[in-house]
Amino acid sequence: MPNIKCTVTECAYNSNVMCDAPMIQVNHCGTQNSHTSEETQCDTFKPKA
Ligand code: SF4
C-alpha cells in the first residue's frame, strides 16, 4: 500500500507517524457528502491495547 502518514499515534496500526495497516477504510464523518477533510475519518482506527 502507498505510504500513509498519520499523526494518530494512539492507533494500534501507527508506527513512527506512519500507517502500517495492510489497508484502510475512510468514511464520511457526520455527513453523506464531504466537502472538507474534517468531514472524513479513518474507520480502520483501532486503539492500542
Ligand atoms: S489505521 Fe487509520 S488511524 Fe490508524 S494509523 Fe492507519 S490511517 Fe492512522
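Here's what I pulled together on the structure shown here. (Residues numbered from 1 in each chain as written. Predicted model: local features only at pLDDT ≥ 70, side-chain atom pairs only at ≥ 80, totals over all residues. Heavy atoms only, no water.)

Concerning the site of the ligand
Working step 1: In the region of the ligand, the neighbouring residues are Cys-6, Cys-11, Tyr-13, Asn-14, Cys-19, Ile-24, Cys-42 and Thr-44.
Working step 2: At a threshold of 2 Å from the grid points, most atoms of the ligand map onto the largest pocket.
Working step 3: Among the residues making up the shell around the ligand, the classes are represented as 6 nonpolar, 2 polar and no charged. (Near = heavy atom within 4 Å. 1 Å grid on protein atoms, 1.4 Å probe; cavity = no way out; pocket = protein on both sides within 12 Å on 5 of 7 lines; lining within 4 Å. Sits in = over half its atoms within 2 Å of the grid points. Nonpolar A, V, L, I, M, F, W, Y, C, P; charged D, E, K, R; others polar.)

Some points on unusual backbone geometry
Working step 1: With a phi close to 55°, Asn-16 is a non-glycine residue in the positive phi region.
Working step 2: With respect to the helices and strands, the residue Asn-16 is situated in the loop between strand E1 (14–15) and strand E2 (18–19).
Working step 3: Residue class for Asn-16 comes out exposed when judged on its relative accessible area of 73%. (Helix = DSSP H or I, 4+ residues; strand = E, 2+ residues; numbered from the N terminus. Buried < 20%, exposed > 50% of the residue type's maximum accessible area, 1.4 Å probe, protein only.)

A look at the side chain of Asn-14
Working step 1: Structurally, Asn-14 can be placed in strand E1.
Working step 2: On the basis of relative accessible area, Asn-14 is assigned to the buried category, the value being 12%.
Working step 3: A distance of 2.9 Å separates a polar atom in the side chain of Asn-14 from the backbone oxygen of Cys-6.
Working step 4: Within polar-contact distance, the side chain of Asn-14 engages the backbone nitrogen of Val-17 at 3.1 Å.
Working step 5: Excluding its chain neighbours within four sequence positions, the residues that come into contact with Asn-14 are Cys-6, Thr-7, Val-8 and Thr-9. (Polar contact = N/O pair within 3.5 Å; in protein donor to acceptor, adjacent residues only side chain to side chain. Contact = heavy atoms within 4.5 Å.)

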